[in-house]
Amino acid sequence: MTSAVPVVTDIAYQDLLDDPYPIFRRLREIAPAVFVAPAKLTLVTRFDDIMRIERDPVTYSADNPASLVNKVMGPTFMRKDGAEHAIGRRAIEPSFRPATIKEHWAPQFTTIAATLIDDLSANDEADLFSALAAPMASLSLMAMIGFRKMPWQTLAEWSQALIDGAGNYTADAEIERKAMQASAEVDAAIDAVLDDHRRQPNPSILSSMINADPPMPIEGIRANIKVIIGGGLNEPRDAILTLVLGLLENPAQKDGVLAQPELWPAALEEAVRWISPIGMYPRRVTRDVDLSGTTLPQDLQIGLCVGAANRDGSRFAEPDRFDVTRPKQSHLAFGAGPHFCAGTWVSRLTVGRIVAPMLFARLRNLRLRAEAPPVVRGWVFRGPVTLPVRWDA
């Protein structure tokens, strides 16, 4: 016997932003899918249910006309299924090939990281959000996309406005205005360089798109670049900060990783499981279906809360604890199925192989500032918004 989707009304939206994990725990205990009134969305929070959904794109479609992503960014391949999604993935694939990452992007990312950390080392304290993680993610993504050089803050502001718009489930008019303005400015930046990339093919994403066979149409280029700016900037930015935060809050684990550098990849995977930068993404139910005893009606909009699933106690022991030594187990921070994040390997390289190891190697006795604790915020997208640290100059 199945039951209807239960409704929860006594959750404050601000609590979701401040600390969603107690709410996620409650939702997992109530039902496989729960309509959360303040978020205006039915949320799926259990690991096994999300895995089941991701294995069935026919029933649970990414092609979701009502998605806020479509409204803010346009028809992206991330909101398509089947052949349309595959065509979009193939169009950007040349920029993400392992050889291209190793030979072309890794040296550039290393130079960017070294320059930023050199600037840091002249002082003895900083907020790593604005001094390292945000400029690192922005400058790296700017290069990968193929934009002309601009202040790193510009791309970061576009990214924040776009992801705020994509998560604007409270229909805030000012958030929508900023998102649409950023969308128009991204279009202009694309138009300024597209002919250059058409004439001179190169490893950039814009070049891959415009020189694909067939070339991606302009509306697809614009929409997909906006998706890449949203997820491709905040995800590595927040992963850098979360990894550093997890290690600084757990000195014994930090010492273990520094003594055994081969643990850096495992430390990154644990960081993004612990606080998943992309915490939720939408799907549309295409037919009436039973999800673990709850009936989901056709055309229901659902949110897959991977940030909740990655702390599901039925999947992970002591899920709220950061533990680099946790037994290896797959998580959902990079998604799953056909929509597995295209930038996963870039993020693993940038964060786990370049930035975090270099930071701890160069800044002696890196530590949190007791008088200025870090602030972590968000649920659709979640990560530290401040990370004040100090080190021995």
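Going by the annotation in an unreviewed UniProt entry, the name recorded for the protein is Cytochrome P450, with Bradyrhizobium pachyrhizi given as the source organism. Per its UniProt entry, the protein bears the Cofactor (unreviewed entry) comment "heme".

1. Re the environment of D213
Note that D213 resides in the loop between α10 (205-210) and α11 (218-248). Given a relative accessible area of 79%, D213 falls into the exposed group. Note: C-alpha distance between D213 and A12 (201 residues apart in sequence) is 49 Å.

2. Some details on helix α6 (residues 98-121)
At W105, α6 shows its maximal kink, close to 45°; a proline, P107, follows between one and four residues later. Those residues of α6 that fall on the buried side of the exposure criterion are T100, I101, W105, A106, F109, I112, A113, L116, I117 and L120. As for α6, its buried residues are in contact with β5 (125-127), α7 (128-145), α15 (344-362) and β13 (388-392).

3. Observations concerning the sheet that holds β5
In space, the 3 strands of this open sheet follow the order β5-β13-β10, with antiparallel pairing throughout. Both outer strands of the open sheet, β5 and β10 (364-368), are each paired with one neighbouring strand and no more. Strand-to-strand twist in this sheet, taken as the mean axis angle between neighbours without regard to direction, amounts to 25°. One ladder, built from 3 bridges, connects β10 with β13; its direction is antiparallel. Bridged to L368 within β13 is V389.

4. Description of unusual backbone geometry
A cis amide bond, omega 0°, links D213 with the succeeding residue P214. Topologically, P214 is positioned in the loop between α10 and α11. With a phi angle near 55°, K40 is a residue other than glycine that sits in the positive phi range. Locating K40 in the fold gives a position in the loop between β2 (33-36) and β3 (41-44). In this structure, D299 is a non-glycine residue whose phi angle is positive, near 75°. Mapping D299 onto the fold places it in the loop between β8 (294-296) and β9 (301-304). Taking the relative accessible area as the measure of exposure, D299 reaches 44% and is therefore partly exposed.

About the cut-offs
- Residues numbered from 1 in each chain as written.
- Predicted model: local features only at pLDDT ≥ 70, side-chain atom pairs only at ≥ 80, totals over all residues.
- Heavy atoms only, no water.
- UniProt positions renumbered as here; feature names shortened; annotations may be inferred.
- Helix = DSSP H or I, 4+ residues; strand = E, 2+ residues; numbered from the N terminus.
- Buried < 20%, exposed > 50% of the residue type's maximum accessible area, 1.4 Å probe, protein only.
- Bend = angle between axes of the 7 residues up to and from the residue.
- Contact = heavy atoms within 4.5 Å.
- Pairing = 2+ DSSP bridges.
- Axes fitted to C-alpha atoms, helices over the stretch in contact; angles between N-to-C directions.

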